[in-house]
Amino acid sequence: MRPFLFYVLCFILCVGCFHGADALRRYKFELREVEYTRLCSTKKILTVNGHFPGQPIRVHKGETIIVDVYNGGTYNVTIHWHGVKMPRYPWTDGPEYITQCPIPPGGNFSQKVIFSEEEGTLWWHAHSNWTRNTVHGPIIIYPKKGSSYPYPKPAREVPIILGEWWKQGIEDLYYHFLYTGGDPNVSDAFTINGQPGDLYNCSKDGTFKLSVRHGKSYLLRIINNALQVPLFFGVANHTLEVVGTDASYLKPFNATYIGISPGQTIDAILHANQFPGRYYMAASVLEATPDIGYDNTTTTAIVDYVGAPASSTPSLPILPIYNDSRAMENFTARFRSLATEKYPIDVPVNITKSMFFTFSVNALPCTGSNDTCQGPNTTRLASSVNNVSFVNPTIDLLQARITAIISYIIAQLCS
């Protein structure tokens, strides 16, 4: 009996990590620092394979892949697969010190990524401090092979990653606001696919451009990588057909703008049905909290119709003003699941327990120096759920799981 239980333990700990790994498609992620120039100045940023934003991961629904990560940076990093459910396998999901240890400088880690029910757009990003500011990229999940979209296939699919840029190093920014206890410095620019756009200094040449043909349709896979702020997004003179969010299909609806929260993805079809010209796509902030500093700039990219005069001046979309939270509510209130025979939705109707959650940012009393009490009225800011702030656990989930398994087997051996 005892040798049998010993072999069961070895099987549980080892086979799940290695069985079938060689048969899976693999991606190679090398984290390294590269110099990038934005807003008239240059700084080193952490990237994957030297790219900012990072490369897309393209899979089919139900596929499993391996991502081999090498950390060539100077500090600990993990990679997270945002929105991927990873059923019964959180051990390579990325949150550092929760389900896995971070990858140290010079270290390697192969991460299994299991796609199950997801279909649409998600994204990957670093999950250590604020390194996701520059370490991120799209995940594009196609329907199962032999299947198709629940809407006409677009002429082209284009990731649109909304983000922020600071002239200051992102690690310096992060540790400075932790030290001061106040709000972090607002960004120096918003970005579309890593570029601030025409309206910022030293940025016109790098502005992202989307070339379109009149009469064609283009699927925009929009991702909000801004660290803390929701954004409004739109394309001048065009209506967007919203068809999905967070790797789930929606009943299609038309909108002149979208509202997108940090970490959220939205799939929207751009129909190139306007007079052939040049039009700005643009994004700007939603910040409805009074007396909070915010970045009031607008990032742009250009929708460029084939055959349009190169000298034509793009027009800007009309977006909601910075504090119009009702505009965000009105947009998200239109979300309805597709709920077809092929894409059913099983919503529980027998609710046996109700739970109430309040997410907030608290102002805590502060007994330190003025340097460390820069929240409102010399307090320190701390986020909370139901008025309880997060505390790191004393044991990570994987260790707890293995410890429980070992404890069970030892109990069986000693019985």
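These lines cover the structure that appears in this document, whether it is placed above or below. (Residues numbered from 1 in each chain as written. Predicted model: local features only at pLDDT ≥ 70, side-chain atom pairs only at ≥ 80, totals over all residues. Heavy atoms only, no water.)

Here's the deal with the overall build of the protein chain
A count of helical and extended segments in the protein chain gives 4 helices and 21 strands. Seen through its C-alpha atoms, the protein chain measures out along the principal axes to roughly 80 × 65 × 50 Å. For the protein chain, the proportion of its 415 residues judged to be buried stands at 47%. Counting contacts in the protein chain only where the partners sit at least 6 residues apart, residues at least 24 apart contribute 73% of the total. On the protein chain, roughly 21500 Å² of surface is accessible, and the fraction owed to carbon and sulfur atoms is 55%. The distance from the centre of the 33 positive side-chain charges to the centre of the 32 negative ones in the protein chain is 8 Å. (Helix = DSSP H or I, 4+ residues; strand = E, 2+ residues; numbered from the N terminus. Buried < 20%, exposed > 50% of the residue type's maximum accessible area, 1.4 Å probe, protein only. Contact = heavy atoms within 4.5 Å. Areas by Shrake-Rupley, 256 points an atom, 1.4 Å probe, with all protein chains shown as cover. Lys, Arg positive; Asp, Glu negative; His and termini not counted. Charge placed at Lys NZ, Arg CZ, Asp CG, Glu CD.)

As for the state of the cysteines
In protein structure, a disulfide is the covalent linkage between the sulfur atoms of two cysteines. Evaluated as defined, the whole model comprises 2 disulfides. Disulfide pairing places Cys-40 opposite Cys-202 at an S-S distance of 1.9 Å. Residues Cys-40 and Cys-202 share a disulfide whose torsion about the S-S bond is about 95 degrees; that sign makes it right-handed. Here Cys-40, found in the loop between strand S1 (25-38) and strand S2 (41-48), pairs with Cys-202, found in the loop between strand S10 (189-192) and strand S11 (209-212); they are 162 residues apart in sequence, far enough to count as distant. Across the disulfide from Cys-366 sits Cys-373; the S-S distance is 1.9 Å. Between Cys-366 and Cys-373, the S-S dihedral sits near -60 degrees, and the bridge is therefore left-handed. The exposure class assigned to Cys-373 is buried, which follows from its relative accessible area of 5%. (Disulfide = S-S within 2.5 Å.)

A short note on the sheet that holds strand S4 (residues 64-71)
The strand order across the open sheet built from 4 strands is S2-S1-S4-S6, with neighbouring strands paired in mixed fashion. The open sheet has two free edges, formed respectively by S2 and strand S6 (108-114), since each of these has just one partner strand. For this sheet the average axis-to-axis angle between neighbouring strands, irrespective of direction, equals 25 degrees. The pairing of S1 with S4 spans 7 bridges and is parallel. Across the sheet, the residue bridging to Glu-30 is Tyr-70, located in S4. (Pairing = 2+ DSSP bridges. Axes fitted to C-alpha atoms, helices over the stretch in contact; angles between N-to-C directions.)

Quick look at the sheet that holds strand S3 (residues 57-60)
In spatial order, the strands read S3-S8-S7-S5; together these 4 strands make up an open sheet with mixed pairing. The open sheet terminates on both sides in strands that have one partner only, identified here as S3 and strand S5 (79-82). Shown here is a sheet whose adjacent strand axes are inclined to one another by a mean of 20 degrees, direction ignored. Two strands pair when backbone bridges link them, and S5 and strand S7 (residues 120-126) are joined in this way by 4 bridges, in the antiparallel orientation. Along S7, the bridge assignment pairs Ile-79 with Ala-126.

A closer look at the layout of surface pockets
Volume-wise, the largest pocket comes out at about 1400 Å³. In terms of lining residues, the largest pocket is bounded by 38 residues, among which Trp-130, Tyr-174, Phe-177, Ser-383 and Phe-390 are the most central. Every element with two or more residues in the lining of the largest pocket is listed here: S5, S7, helix H2 (170-180), strand S20 (359-364) and strand S21 (380-385). A per-element tally of the lining of the largest pocket places S21 first, with 6 residues. Among the residues making up the lining of the largest pocket, the classes are represented as 19 nonpolar, 15 polar and 4 charged. (1 Å grid on protein atoms, 1.4 Å probe; cavity = no way out; pocket = protein on both sides within 12 Å on 5 of 7 lines; lining within 4 Å. Points joined across faces, edges and corners; volume = space filled by probe spheres on them. Nonpolar A, V, L, I, M, F, W, Y, C, P; charged D, E, K, R; others polar.)

A closer look at the packing of aromatic side chains
Remark: the centre distance and the inter-plane angle together describe each pair of aromatic rings, the angle taken between the planes. A full pass over the atoms with the stated rule returns 20 aromatic pairs. One aromatic cluster in this structure is built from Trp-130, Trp-166, Tyr-174, Tyr-175 and Phe-177. Above the plane of the ring of Trp-165 lies Lys-43, whose end atom (NZ or CZ) is 4.6 Å from the centre. (Phe/Tyr/Trp six-rings, centres within 6.5 Å; stacked < 30°, edge-to-face > 60°. Lys NZ or Arg CZ within 6 Å of the ring centre and 35° of its normal.)

With respect to helix H3 (residues 325-332)
Residues of H3 that are buried include every one of Ala-327, Met-328 and Phe-331, and no others. Taken around the axis of H3, the buried residues stretch over an arc of 100 degrees, which confines them to a single face. Along its buried surface, H3 packs onto strand S13 (231-235), strand S14 (240-245), strand S15 (248-255), strand S16 (258-260) and strand S17 (265-271). (Arc of directions from axis to C-beta.)

Some points on the side chain of Glu-119
Within the secondary structure, Glu-119 sits in the loop between S6 and S7. Since its relative accessible area comes to 4%, Glu-119 is described here as buried. A distance of 2.6 Å separates a polar atom in the side chain of Glu-119 from a polar atom in the side chain of Tyr-249. Residues contacting Glu-119, with those up to four places away along its chain left out, are Lys-61, Ile-141, Tyr-142, Pro-143, Ala-247, Ser-248, Tyr-249 and Tyr-343. (Polar contact = N/O pair within 3.5 Å; in protein donor to acceptor, adjacent residues only side chain to side chain.)

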